[in-house]
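As a plain string of letters, each chain reads:
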Amino acid sequence: MTLAGFVSVALIHLLAAISPGPSFVLSVRSAASEGLRTAMGLAVGFGLAATLWAAAALLGLSLLFEVVPALFTALKVVGGLFLIYIAWKMWQHASEPLPVIAEGTAPRSVIGAVWLGLVAMLANPKPAVFFGAVFVGLVPVEASLADKLFVLFNIFWVETAWYMIVARVFSLPRARTAYGRFKSKLDRSFGGLIAVLGAKIAIT
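Thresholds, definitions, all that
- Residues numbered from 1 in each chain as written.
- Predicted model: local features only at pLDDT ≥ 70, side-chain atom pairs only at ≥ 80, totals over all residues.
- Heavy atoms only, no water.
- Helix = DSSP H or I, 4+ residues; strand = E, 2+ residues; numbered from the N terminus.
- Rg over C-alpha atoms; globule rule 2.2 N^0.38 Å.
- Buried < 20%, exposed > 50% of the residue type's maximum accessible area, 1.4 Å probe, protein only.
- Areas by Shrake-Rupley, 256 points an atom, 1.4 Å probe, with all protein chains shown as cover.
- Lys, Arg positive; Asp, Glu negative; His and termini not counted.
- Charge placed at Lys NZ, Arg CZ, Asp CG, Glu CD.
- Expected span 1.5 Å × (residues − 1).
- Arc of directions from axis to C-beta.
- Contact = heavy atoms within 4.5 Å.

Participant: For this particular structure, what's the right way to read the overall build of the protein chain?
Facilitator: When its secondary structure is counted, the protein chain shows 10 helices and zero strands. Along the chain direction, N to C, the helices and strands of the protein chain fall in the order α-α-α-α-α-α-α-α-α-α. For 204 residues, the compact-globule formula gives about 17 Å, and the C-alpha radius of gyration of the protein chain, at 18 Å, lands near that figure. In terms of overall dimensions, the protein chain has C-alpha extents of about 55 × 35 × 25 Å along its principal axes. In the protein chain, which comprises 204 residues, the share counted as buried stands at 43%. Accessible surface, the protein chain: about 10500 Å² in total, of which carbon and sulfur atoms supply 75%. Distance between charge centroids for the protein chain: 12 Å, based on 15 positive and 8 negative side chains.

Structure representation (structure tokens):
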């Protein structure tokens, strides 16, 4: 692969990563309500999941979705329902006060946050199709294993770095205070948005 090819993949992926979606909403909510460590773990989970979907695209999963559309439909429905479940949990706990974050601790374990980020992003199979479309034009079939591994590494750090930036911004005391002031309404709004996005993933 050429340097231009690597840069093109990175830029297209960055634009896709920063576009608002369920992952962004979860990141903002976790950073403001549970603190930086939890949101950082979530960011790593998002990065791992994006890398797995990209690897699946390189292995031809997006082509499999085209050949067996019922598989893609089933994954979308399951993923959409999972996001709706997350939205329901947010609504359920919206009226509860913000958890008290002691120094050096987080309400949710970092491993738990990584797992949530991983599962939440894997719940949406569309990234496999997105990466497949990008790779068709930018990653040559004859690309070496080293080139493909570098592409995957680049996807991991871009995805993770973006959500770590989001985590840092929304975990600042001022952002946390503002979030706490309107927590009930914000959680219900975020929950409603995730539910809508989950339903959209399931039916489109």
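Structure shown, so let's carry the discussion forward.
Participant: How should helix α10 (residues 183–203) be read in this particular structure?
Facilitator: In an α-helix there are 3.6 residues to a turn, and that puts residues three or four apart on one side. The terminal C-alpha atoms of α10 lie 30 Å apart, and with 21 residues this matches the ideal 30 Å at 1.5 Å per residue to within 8%. Of the residues making up α10, those classed as buried are Lys-183, Asp-187, Phe-190, Gly-191, Ile-194, Leu-197, Gly-198, Ile-201 and Ala-202. One side of α10 holds all its buried residues, which, seen down the axis, span an arc of 135°. α10 presents Lys-185, Val-196, Lys-200 and Ile-203 as exposed residues on the side facing more than 90 degrees away from its buried surface.

Participant: Explain the side chain of His-13 here, please?
Facilitator: Position of His-13 among the secondary structure elements: in helix α1 (residues 3–18). Overall, His-13 belongs to the buried group, its relative accessible area being 3%. Not counting chain neighbours up to four residues away, the residues in contact with His-13 comprise Phe-130, Phe-131, Ile-155, Val-158 and Glu-159.

Participant: Help me understand helix α2 (residues 22–34), please; the structure alone is not making it clear to me.
Facilitator: With 13 residues, α2 should reach 18 Å at 1.5 Å per residue; the first-to-last C-alpha distance of 17 Å fits that figure. Counting buried positions along α2 gives 12 out of 13 residues, so the element sits mostly inside the fold. Close packing links the buried residues of α2 with α3 (36–58), α5 (69–92), α6 (110–122), α8 (145–171), α9 (173–181) and α10. Two residues or fewer after α2 comes Gly-35, characterised by a positive phi angle close to 100°.

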